[in-house]
Amino acid sequence: MFPSEVTDFFKAQKTPFYYYDLDVLNETLDQIKTHGLSKGFHIHFALKANNQPKILEIIKKAGLGADCVSGGEIQRAIDSGFNSEEIAFAGVGKSDEEMKLGLKHDIFCFNCESPQELEVLNELAGQRNTIARIALRLNPNVEADTHKYITTGLNENKFGINASDLDDMLDKLPGLKNLKLIGIHFHIGSQIEKFTPFEELCTKANALNDHIEEKGFELSVINVGGGFGINYAHPNDNSVPDFERFFGLFEQNIKLKDHQQLHFELGRSVVGQCGSLITKVLFTKYGQTKSFAIVDAGMTELIRPALYQAAHRIDVLTSSGAEETYDVVGPICESSDTFRKDISIPKVERGDLVAIRSAGAYGEVMRSAYNLREANPTFYSDEVG
Ligand code: LLP
């Protein structure tokens with residue numbers, strides 16, 4: 001948890017705010033280097049998980065590339081020091097302006113998801129007299145066994161190209177003179193805690209790789225996306241995900257040809273455990289059947305519990321008394337503005353500080369101004385002391 005000097009620092013700040021432990025981030029990046037980069041894998045950090053410039057600069061320095069899903073993210077990646085040749089651009093609905101930005105910077109690769117997108121990108125690249133490198137995002141129809149809002153690799157999802165459309169698209173590609181097919185791309189979902197979906201992905205990717213190469217295309221990029229989950233229940237014991245097992249699985253199961261390189265797009269597993277949302281108890285309220293700890297952070301600061309029923313660990317930082325059972329709720333006028341129901345934590349009083357853990361990924365980036373709430377400054381561990 002947090003040493004007393006960190007808690008003292010928190011006491012002096014305006015809550016709620018995000019706090020990032022850069023030691024945890026650096027330990028995570030060290031493991032990624034040891035078990036992923038050292039094997040020659042290319043790892044693009046998914047900016048959608050966290051786009052704080054300070055975090056991005058550290059990730060860039062560690063040797064990761066960037067995975068972007070909007071023009072704004074491409075611009076942020078470039079501003080944070082990523083080279084355009086390490087930027088991949090994904091997304092099921094890219095606007096013309098966004099594609100033009102990618103073309104202007106001659107980014108590494110566009111991950112394309114539909115026949116129409118190929119035609120538009122081909123036309124825009126033609127207008128610039130350039131060739132866009134593309135990867136086809138294929139839908140492998142793999143069950144990721146995660147929350148239904150963050151599963152993406154099934155036929156029923158809007159993402160990717162279904163197997164039945166693939167050959168048609170491959171036949172059309174030679175006619176699209178301003179596109180160069182360099183790879184295939186997959187992403188089956190997020191917060192995947194089991195390893196079997198990734199094994200299944202490898203099997204499907206190997207078959208599709210063979211199929212496309214047999215048709216005479218040379219694929220240099222096999223991009224298996226992201227999705228590796230983190231331990232929300234025990235962030236202290238598992239502050240760094242088991243990258244040895246994760247990358248080892250792909251090393252064993254993906255069959256790369258000599259001219260091919262393996263790419264990943266990791267978001268949550270890189271930054272999830274380094275961030276916490278620090279909030280203060282405003283009131284305690286004792287109802288007939290429930291006790292509520294009402295904190296000053298809400299679904300506006302961290303929407304994951306409301307949107308995906310996510311259970312983030314809650315640590316009380318300024319009380320260690322006997323435990324009581326609370327619903328920890330925010331101040332927003334929505335019943336879904338609840339962080340946890342019926343959890344046992346030390347008894348809290350007005351003014352106690354609470355940390356909502358594992359909030360480094362899809363936390364601050366999904367913040368909203370609903371209820372006209374203001375955002376307070378963010379802090380990093382190197383600013384303490
Ligand atoms: N690549 C693609 C194409 C993606 O769509 C995503 C995430 C990633 C990579 C990174 O996945 P990760 O390694 O972070 O699992 N807001 C949700 C998660 C949405 C994930 C969207 N796509 C949440 O808070 O759980």
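Scroll up for the structure.
Residues numbered from 1 in each chain as written. Predicted model: local features only at pLDDT ≥ 70, side-chain atom pairs only at ≥ 80, totals over all residues. Heavy atoms only, no water.

Student: Tell me about the overall build of the chain, and please be specific about residues and values.
Tutor: Within the chain one finds eleven helices and 16 strands. The C-alpha atoms of the chain give a radius of gyration of 22 Å, which matches the 21 Å a tight globule of 385 residues would have. When the backbone C-alpha atoms are referred to their principal axes, the chain occupies close to 70 × 40 × 40 Å. When the 385 residues of the chain are sorted by exposure, 57% land in the buried category. (Helix = DSSP H or I, 4+ residues; strand = E, 2+ residues; numbered from the N terminus. Rg over C-alpha atoms; globule rule 2.2 N^0.38 Å. Buried < 20%, exposed > 50% of the residue type's maximum accessible area, 1.4 Å probe, protein only.)

Student: Which residues make up a negative patch on the surface, and what values do they have?
Tutor: The grouping of Asp96, Glu97, Glu119 and Glu123 at the surface amounts to a negative patch. Among the secondary structure elements, glutamate 119 is positioned in helix H6 (residues 115–127). (Patch = residues over 30% accessible without salt bridge, like charges linked within 9 Å, V, L, I, M, F, W, Y side chains within 5 Å. Areas by Shrake-Rupley, 256 points an atom, 1.4 Å probe, with all protein chains shown as cover. Salt bridge = Lys/Arg side-chain N within 4 Å of Asp/Glu carboxyl O. Lys, Arg positive; Asp, Glu negative; His and termini not counted. Charge placed at Lys NZ, Arg CZ, Asp CG, Glu CD.)

Student: Describe the pattern of salt bridges, listing the residues and the values that go with them.
Tutor: For the structure on display, the rule yields 17 salt bridges. A salt bridge links aspartate 106 to arginine 133; the nearest nitrogen and oxygen atoms lie 3.0 Å apart. Here arginine 133 lies in strand S6 (residues 132–137) and aspartate 106 lies in the loop between helix H5 (96–104) and strand S5 (109–112), a separation of 27 residues in the sequence. When its relative accessible area of 25% is taken as the criterion, arginine 133 is described as partly exposed. In this structure, the salt-bridge partner of arginine 357 is aspartate 315, at a minimum N-O distance of 2.7 Å. With arginine 357 in the loop between strand S15 (353–356) and strand S16 (379–380) and aspartate 315 in strand S12 (residues 314–316), the pair connects residues that are 42 residues apart, well separated along the chain. With respect to burial, arginine 357 and aspartate 315 carry one shared label: buried. Residues participating in the shared-partner salt-bridge network are Lys290, Asp327 and Asp342.

Student: Can you break down the pairing of strand S10 (residues 275–286) residue by residue, with the values?
Tutor: Across four bridges, the pairing between strand S1 (residues 17–20) and S10 is antiparallel. Counterpart to tyrosine 20 in the pairing with S10 is glycine 275. Where S10 and S15 come together, four bridges link them in antiparallel fashion. By the bridge assignment, threonine 279 is partnered in S15 with valine 354. Examined bridge by bridge, S10 and strand S11 (residues 291–295) share five bridges and lie antiparallel to one another. Across the sheet, lysine 285 pairs through a bridge with phenylalanine 292, a residue of S11. (Pairing = 2+ DSSP bridges.)

Student: Would you mind going over the sheet that holds S6 in detail, with residue names and values included?
Tutor: The strand order S2-S3-S4-S5-S6-S7-S8-S9 describes a closed barrel built from eight strands, whose pairing is parallel. For this sheet the average axis-to-axis angle between neighbouring strands, irrespective of direction, equals 30°. Across the sheet, helix H4 (residues 71–79) lies against strand S3 (65–68) and strand S4 (87–89), angled at about 165° from S3, the strand it touches most. The sheet contacts of helix H9 (residues 243–253) involve strand S2 (42–46) and strand S9 (261–266), and relative to S9 the element is tilted by about 140°. (Axes fitted to C-alpha atoms, helices over the stretch in contact; angles between N-to-C directions. Contact = heavy atoms within 4.5 Å.)

Student: Account for the pairing of S1, with residues named and values stated.
Tutor: Alternating residues of S1 divide into Phe17 and Tyr19 and Tyr18 and Tyr20, and every residue in both groups is buried. As paired strands, S1 and S16 are joined by two bridges and run parallel to one another. Counterpart to tyrosine 20 in the pairing with S16 is tyrosine 380.

Student: Describe H6, and please don't skip the residues or the numbers.
Tutor: Taking 1.5 Å of rise per residue, 13 residues should cover 18 Å, and H6 covers 19 Å from first to last C-alpha, within 8% of that figure. The set of residues buried in H6 consists of Glu117, Leu118, Leu121, Asn122, Leu124 and Ala125. Tucked inside the fold, the buried residues of H6 contact H5, S5, S6, helix H7 (163–172) and strand S7 (179–185). Positioned one or two residues after H6, asparagine 129 has a phi angle of 60°, which is positive. (Expected span 1.5 Å × (residues − 1).)

Student: Describe the side chain of asparagine 376, and please don't skip the residues or the numbers.
Tutor: Relative to the helices and strands, asparagine 376 is located in the loop between S15 and S16. What makes asparagine 376 buried here is its relative accessible area of 10%. A polar side-chain atom of asparagine 376 sits 3.1 Å from the main-chain carbonyl oxygen of threonine 15. Residues in contact with asparagine 376, not counting those within four places in the same chain, are Lys14, Thr15, Pro16, Phe17 and Arg367. (Polar contact = N/O pair within 3.5 Å; in protein donor to acceptor, adjacent residues only side chain to side chain.)

Student: Tell me about the packing of aromatic side chains, and please be specific about residues and values.
Tutor: Counted by the stated rule, this structure contains 23 aromatic pairs. With a centroid separation of 5.5 Å and 70° between ring planes, the pair formed by phenylalanine 10 and phenylalanine 17 is classed as edge-to-face. The same class applies to phenylalanine 10 and to phenylalanine 17, which are both buried. Ring centres of phenylalanine 246 and phenylalanine 264 lie 5.7 Å apart, and the angle between their planes is 55°; on these two criteria the pair is classed as tilted. (Phe/Tyr/Trp six-rings, centres within 6.5 Å; stacked < 30°, edge-to-face > 60°.)

Student: Go over the site of the ligand with me, naming the residues and quoting the values.
Tutor: Taken together, 18 residues form the shell around the ligand, and within it Ser190, Glu265, Arg304, Tyr308 and Tyr362 come nearest. At 3.0 Å from an oxygen atom of the ligand is found a main-chain nitrogen or oxygen belonging to glycine 267. In the environment of the ligand, a nitrogen atom lies 2.7 Å from a nitrogen or oxygen atom belonging to the side chain of tyrosine 308. Summarising the interface, the protein chains cover 91% of the accessible area of the ligand, which totals 590 Å² for the free molecule. Broken down by secondary-structure element, the contributors of at least two residues to the shell around the ligand are S9 and helix H11 (304–308). (Near = heavy atom within 4 Å.)

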